Amino acid sequence: MPSSGHRLRDVEHHPLLAENDNYDSSSSSSSEADVADRVWFIRDGCGMICAVMTWLLVVYADFVVTFVMLLPSKDFWYSVVNGVLFNCLAVLALSSHLRTMLTDPGAVPKGNATKEHVESLQLKPGEVIYKCPKCCCIKPERAHHCSICKRCIRKMDHHCPWVNNCVGEKNQRFFVLFTMYIALSSVHALILCGLQFISCVRGQWTECSDFSPPVTVILLILLCLEGLLFFTFTAVMFGTQIHSICNDETEIERLKSEKPTWERRLRWEGMRSVFGGPPFLLWMNPFVGFRLGRPQTRPRKGGPEFSV
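What counts and what doesn't
- Residue positions are counted from 1 within each chain, in the order its sequence is given.
- In keeping with the predicted nature of the model, local features appear solely for residues at pLDDT of at least 70, side-chain atom pairs appear and are counted solely at 80 or more, and the whole-chain, interface and lining totals rest on all residues.
- For side-chain calculations, the full set of non-hydrogen atoms in the structure is used, while hydrogens and water are omitted.
- Labels follow the DSSP assignment, with helices taken as runs of H or I lasting at least four residues and strands as runs of E lasting at least two, numbered in each case from the N terminus.
- Helices are assigned an expected span. That span is 1.5 Å times one less than the residue count.
- Throughout this description, the term nonpolar core refers to a set of buried Ala, Val, Leu, Ile, Met, Phe, Trp, Tyr and Cys residues connected via side-chain atoms within 4.5 Å.
- Each residue gets one of three labels from its accessible area relative to the maximum for its type: buried under 20%, exposed over 50%, partly exposed in between, using a 1.4 Å probe on protein chains only.
- The contact definition used throughout considers only heavy atoms, calling two residues in contact when any of these lie within 4.5 Å.
- We call Phe, Tyr and Trp rings a pair once their centres come within 6.5 Å, taking the six-membered ring for Trp, and we label the pair stacked below 30 degrees between planes, edge-to-face above 60, and tilted otherwise.
- Any pair of N or O atoms that falls within 3.5 Å is considered a polar contact. Within protein, one atom must be able to donate a hydrogen and the other to accept it, and sequence-neighbouring residues count only if both atoms are side-chain atoms.
- One requirement defines pairing of two strands: DSSP has to find at least two bridges between them.

Q: Could you clarify how one ought to interpret helix α5 (residues 172-202) in this entry?
A: With 31 residues, α5 should reach 45 Å at 1.5 Å per residue; the first-to-last C-alpha distance of 46 Å fits that figure. Positive phi appears at Gln 204, one or two residues downstream of α5, with a value of about 55°.

Following this line, the structure appears as structure tokens:
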């Protein structure tokens, strides 16, 4: 270390990366523009299974709503309005899920805690910086290391297996939208199930569905159970996320009872920092800011993320 007067703290007291270390820092020293253009994907078996299950459950709900309840209905406008509404909610939910899963949550570049990089920061004498001993990066304030992503994540809230990604600084907005649209579509499905049961009972289960009465009952009961579970889980998560955003505090910081060393934003400023810009209907649009990622030709070593 040069005698510049600044200090580098390491929780596990590991030394700063030396010049003769085998770590290839050039593989992860991309600029912010390059990172924004890459598609982020975590190769975690459990997370990928949970993500696929989420999509299959939404597709199952759409199948029951469309083919069991709406298409057999004799009320044309009832079928059209509810079909369009439910499918729009399902598309928005799955789009939000994809953007949460494929967006870099705010990963800190690995291996940037080199002597050259520290010298380039031009730190003031006595200034303290922190190094993560697990991914060998200079750890920013409010960043935490994720053992599944194998990276330090800025403003990491938690790692969610259902989206196969961390919820952090750059994708929290999409996670909030995902929980909101799943909760809304679950409520809609439960209401349609209730109306369908009433219609079938009044009609003595004749012509209320193209399926036999036993099959119809099983499909509706399974959808009700799915809707109740999904609504309970996503409504709680949505409320928790909004509470964290308004208090400018992540779930990890709350659980660890960390005293804020940063100036907390006001509630509305916190919402604007996550959703961006002034309040507008575009807040509800998961497609805002979407652009296709360009191929990444630079080789990457030792990380679970996959860039395309």
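Q: Is there a simple way to explain the nonpolar core in this structure?
A: Nonpolar side chains in soluble globular proteins tend to be buried together. With 23 residues, the main nonpolar core has Val 58, Phe 175, Tyr 181, Ile 182, Ile 245, Met 271 and Phe 275 as its most contacted residues. The set of elements that each furnish at least two residues to this core consists of α3 (76-102), α5, α6 (213-247) and α8 (267-275). Broken down by element, this core gets its largest block of residues, 7 residues, from α5. If we skip the residues at most four places from it in the chain, Met 271 touches Ile 242, Ile 245, Cys 246, Gly 276 and Trp 283. In terms of nonpolar packing, the next biggest core, distinct from the first, is built from 14 residues, Val 64, Phe 86, Ala 189 and Leu 223 among them.

Q: Could you clarify how one ought to interpret the packing of aromatic side chains in this entry?
A: The relation between two aromatic rings is expressed through the spacing of the ring centres and the mutual angle of the planes. Inspection of the entire model under this criterion finds 5 aromatic pairs. Ring geometry for Phe 63 against Phe 211: centres 6.3 Å apart, planes inclined by 75°, an arrangement best described as edge-to-face. Separated by 148 residues along the polypeptide, Phe 63 in helix α2 (residues 45-70) and Phe 211 in the loop between α5 and α6 bring together distant segments of the chain. In this structure Phe 63 comes out as partly exposed when scored by relative accessible area, which is 32%.

Q: In this structure, what is going on with unusual backbone geometry? I would like to understand it.
A: Most of the time, phi is negative for any residue but glycine, and the peptide bond is trans. Although it is not a glycine, Cys 136 adopts a positive phi angle of roughly 55°. Topologically, Cys 136 is positioned in the loop between β2 (128-132) and β3 (137-139). Residue Cys 136 is classed as buried on the basis of its relative accessible area, which comes to 18%. Positive phi, normally seen in glycine, also occurs at Lys 150, with a value near 60°. Relative to the helices and strands, Lys 150 resides in the loop between β4 (143-146) and β5 (151-154). A residue is classified by how much of its surface remains accessible, and Lys 150, at 44% relative accessible area, is partly exposed.

Q: I'm lost on the side chain of Arg 151 in this one. Help?
A: Position of Arg 151 relative to the elements: it lies in strand β5. On the basis of relative accessible area, Arg 151 is assigned to the buried category, the value being 5%. Here the side chain of Arg 151 touches Val 108 through a polar contact of 3.2 Å, landing on its backbone oxygen.

Q: I tried to follow the pairing of β2 on my own but got confused; where do I start?
A: A regular strand places its side chains on the two faces of the sheet in alternate fashion. As paired strands, β2 and β3 are joined by 3 bridges and run antiparallel to one another. Across the sheet, the residue bridging to Lys 131 is Ile 138, located in β3. Between β2 and the antiparallel strand that follows it, β3, lie 4 residues; Cys 136 among them carries a positive phi value of about 55°.

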